[in-house]
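Each chain is listed here by its residues.
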Amino acid sequence: MTDSHPASSLIIGGAASSPRAPLPVLPPLALYIHIPWCVRKCPYCDFNSHTASPVLPEEEYVDALLADLDQDLHAVYGREVSSIFFGGGTPSLFSAQALGRLLKGVEQRIPFAHDIEITLEANPGTFEQEKFVAYRKLGINRLSIGIQSFQQQKLEALGRIHNGDEAVRAAGMARQAGFDNFNLDLMHGLPDQSLDDALSDLRQAIELKPTHISWYQLTLEPNTVFWNQPPVLPEDDTLWDIQEAGQALLAAHGYAQYEVSAYAQPGRPARHNLNYWSFGDFIGIGAGAHGKLSHPDGRIVRTWKTRLPKDYLNPAKSFQAGEKALSNDEMPFEFLMNALRLTAGVESRLYPERTGLPLESLAEHRREAEQSGLMQVEPSRLAATERGQLFLNDLLQKFLS
């Protein structure tokens with residue numbers, strides 16, 4: 001899952017003249033930790049990931065992460081962390097010893113919520129039973145396993161380093177290591193994929209009984225191999241059939257869709273990602289990590305860190321590459337592009353609470369979206385209709401001047 005977004009420069013109509021109030025309550029705070037190395041860069045991946053050398057600079061990178069966090073502490077004094085997400089890259093390339101030292105250092109700096117969710121992204125080709133037992137003992141209590149497909153031909157097309165059998169074993173090893181809460185990442189709309197292929201992958205994933213499935217369509221992103229050398233993808237009609245049949249299959253097995261590409265068993269949505277989508281706060285540390293922090297005076301600031309690991313590890317260079325305070329004009333889009341991804345949307349009261357802007361500043365564009373059948377007519381919630389979920393870009397356009 002992409003774990004944060006840079007600030008948008010789009011201009012929103014109707015909000016510029018609305019005064020922004022101080023925030024009465026700061027939103028929940030999360031921590032995103034980026035580990036930028038992979039065994040091999042996948043041709044579809046546009047995340048900040050880099051091919052790993054035979055020996056990773058674990059000690060130096062942990063030192064840098066903690067120093068990076070130290071520079072952000074002044075903005076979160078007195079707050080506790082409700083979730084931590086190790087993303088990448090492939091965080092499971094790091095040893096349990098390195099991650100343990102990092103987690104201990106983080107907890108010495110920021111209090112952990114008593115029920116904190118700590119997620120680690122892992123790929124099947126990096127699974128070692130002993131290592132994952134050690135991860136669980138550190139307090140990491142959720143895994144996100146990057147399966148993508150169980151079919152060898154599809155895995156080869158995606159440049160993955162594991163095979164289908166390893167993917168199945170990874171889920172079993174996660175459970176044996178003590179993880180009763182784990183996600184499987186699965187793609188559809190793969191090169192030459194049929195409806196039967198896609199449903200076979202989904203059935204195999206469901207059989208492994210994860211608590212959460214992220215099921216999303218392959219898209220061609222700029223600055224990737226697939227963008228420059230596009231594979232043959234399924235026709236639109238096939239993609240539509242896959243989407244409809246897949247959603248029905250997931251629902252029949254108790255996986256409720258709560259976001260565009262996220263499906264969970266009851267009580268098991270990803271709390272860390274829910275925080276993003278409901279305009280919560282998060283510190284981002286690590287090469288290329290993004291953050292978003294709210295301040296009691298109403299300021300909301302997005303930050304991003306230097307991308308290249310060699311620059312991030314260079315003590316002569318700054319961790320932070322830039323920051324941007326969100327303007328009133330940008331706030332509606334920043335809030336809605338996340339909140340409207342949730343199938344149930346969010347409570348309307350969350351908008352003034354987390355932006356400092358009055359709900360009435362959305363009224364005109366909200367009414368237009370409702371009349372177009374893209375937004376639910378529900379005063380107490382900001383939520384897209386089923387049609388609005390399918391045409392989310394069109395819905396967001398309604399809030400552009």
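Residues numbered from 1 in each chain as written. Predicted model: local features only at pLDDT ≥ 70, side-chain atom pairs only at ≥ 80, totals over all residues. Heavy atoms only, no water.

Asker: I would appreciate a short explanation of the environment of G254 in the present structure.
Answerer: Its place among the elements puts G254 in the loop between α8 (236-252) and β9 (256-259). Using a relative accessible area of 31% as the deciding quantity, one classes G254 as partly exposed. Linking G254 and Q265, residues 11 residues apart in sequence, is a C-alpha distance of 5.9 Å. Setting aside residues up to four positions removed in sequence, G254 forms contacts with A264, Q265 and P266. (Helix = DSSP H or I, 4+ residues; strand = E, 2+ residues; numbered from the N terminus. Buried < 20%, exposed > 50% of the residue type's maximum accessible area, 1.4 Å probe, protein only. Contact = heavy atoms within 4.5 Å.)

Asker: Explain the domain arrangement of the chain here, please?
Answerer: As a measure of interface size, the accessible area lost when the parts come together is often cited. Domain annotation of the chain identifies domain 1 (29-275) and domain 2 (328-400). Between the C-alpha centres of domain 1 and domain 2 the distance comes to 28 Å. Counting from both sides, the interface comprises 7 residues of domain 1 and, opposite them, 6 residues of domain 2. The largest share of the area that domain 1 buries against domain 2 comes from Y258, E259 and V260, three residues that together contribute 59% of it. (Domains from an automatic or database assignment. Buried area = accessible area lost by both parts, 1.4 Å probe.)

Asker: Looking at this structure, I do not really get the side chain of H272. What am I missing?
Answerer: With respect to the secondary-structure elements, H272 resides in helix α9 (residues 271-277). By relative accessible area, H272 is classed as buried at 0%. Those residues in contact with H272 that lie beyond four places of it in its chain are A30, L31, Y32, S83, I84, F85 and E117.

Asker: I'm lost on the UniProt feature "domain: Radical SAM core" (unreviewed entry) in the chain in this one. Help?
Answerer: According to UniProt, the "domain: Radical SAM core" (unreviewed entry) feature falls on residues 23-259. As a span, residues 23-259 carries 38% helix and 23% strand, and end to end its C-alpha atoms are 26 Å apart. (UniProt positions renumbered as here; feature names shortened; annotations may be inferred.)

Asker: What is the right way to look at helix α3 (residues 129-137) in this model?
Answerer: Working note: α-helix, 3.6 residues per turn, so residues spaced by three or four point in the same direction. Buried residues of α3: K131, F132 and Y135, and no others. Within α3, the buried residues cover an arc of 95° as seen down the axis, which keeps them to one side. What points out from α3, more than 90 degrees from its buried face, is the exposed set E130 and K137. Directly beyond the C-terminal end of α3, a positive phi value near 105° is found at G139. (Arc of directions from axis to C-beta.)

Asker: I'm lost on the pattern of salt bridges in this one. Help?
Answerer: Side chains that differ in charge, positive against negative, can pair when their charged atoms come close. The full count for this structure, using the stated rule, is 20 salt bridges. A salt bridge links R271 to D115, with the shortest nitrogen-to-oxygen separation between them at 3.7 Å. Taken as a pair, R271 in helix α9 and D115 in strand β5 (residues 112-122) lie far apart in primary sequence, 156 residues in all. The partly exposed category is assigned to R271, whose relative accessible area is 37%. Residue D115 is classed as partly exposed on the basis of its relative accessible area of 39%. The partner of K324 in a salt bridge is E330, and the shortest N-O contact between them spans 3.2 Å. Residue classification places K324 among the partly exposed residues on the basis of a relative accessible area of 30%. Of the residues examined, E330 reaches a relative accessible area of 5% and is grouped as buried. (Salt bridge = Lys/Arg side-chain N within 4 Å of Asp/Glu carboxyl O.)

Asker: Looking at this structure, I do not really get a nonpolar patch on the surface. What am I missing?
Answerer: Together, W240, L390 and F391 make up an exposed nonpolar region whose accessible area comes to about 310 Å². The residue W240 is located in helix α8 in this model. Residue classification places W240 among the partly exposed residues on the basis of a relative accessible area of 41%. (Patch = residues over 30% accessible without salt bridge, like charges linked within 9 Å, V, L, I, M, F, W, Y side chains within 5 Å. Areas by Shrake-Rupley, 256 points an atom, 1.4 Å probe, with all protein chains shown as cover.)

Asker: Looking at this structure, I do not really get the packing of aromatic side chains. What am I missing?
Answerer: In this description, a pair of aromatic rings is defined by centroid distance and the angle of the planes. This structure, assessed with the given rule, holds 13 aromatic pairs. With a centroid separation of 6.1 Å and 80° between ring planes, the pair formed by Y61 and F94 is classed as edge-to-face. Of this pair, Y61 sits in helix α1 (residues 58-72) while F94 sits in the loop between β4 (81-88) and α2 (96-109), and the two are 33 residues apart along the sequence. One exposure class covers both Y61 and F94, and it is buried. Here W215 and Y263 contribute two aromatic rings whose centre-to-centre distance is 6.3 Å and whose plane-to-plane angle is 65°, an arrangement assigned as edge-to-face. Remark: Y263 occurs in strand β10 (residues 262-264) and W215 occurs in strand β8 (residues 212-217); sequence separation between them is 48 residues. As far as burial versus exposure is concerned, W215 and Y263 are alike and both buried. (Phe/Tyr/Trp six-rings, centres within 6.5 Å; stacked < 30°, edge-to-face > 60°.)

Asker: Please explain the environment of Y135 as it appears in this structure.
Answerer: As for its position among the elements, Y135 is in helix α3. Exposure remark for Y135: the relative accessible area of 0% places this residue in the buried category. A sequence separation of 42 residues divides Y135 from A177, and the C-alpha atoms of the two residues are 8.6 Å apart. Dropping the residues within four chain positions of it, Y135 is found in contact with P91, S92, F94, S95, A96, L99, L120, I140 and F179.

Asker: Would you mind going over the packing of helix α6 (residues 195-207) against α8 with me for this structure?
Answerer: Where α6 meets α8, the closest approach of the two axes is 9 Å, and the angle between their N-to-C directions is 25°. Viewed along their axes, α6 and α8 adopt a mutual orientation that is roughly parallel. Crossing of α6 over α8 shows right-handed handedness. In contact with L195, A198, L199, L202, R203 and I206 of α6, α8 contributes T238, D241, I242, A245, G246, L249 and L250. In terms of residue class, the contact of α6 with α8 is built from 9 nonpolar, 2 polar and 2 charged. (Axes fitted to C-alpha atoms, helices over the stretch in contact; angles between N-to-C directions. Parallel < 35°, antiparallel > 145°, perpendicular 65-115°, else oblique. Left-handed = near helix turned anticlockwise from the far one by under 90°. Nonpolar A, V, L, I, M, F, W, Y, C, P; charged D, E, K, R; others polar.)

Asker: Help me understand unusual backbone geometry in this model?
Answerer: Excluding glycine, residues mostly carry a negative phi; peptide bonds, for their part, are mostly trans. In the segment running from G88 into G89, the intervening peptide bond is cis, with an omega of 20°. Along the chain, G89 turns up in the loop between β4 and α2. For Q148, which is not glycine, the phi dihedral falls at a positive 75°. With respect to the helices and strands, the residue Q148 is situated in strand β6 (residues 142-148). Although it is not a glycine, N223 sits at a positive phi angle of roughly 65°.

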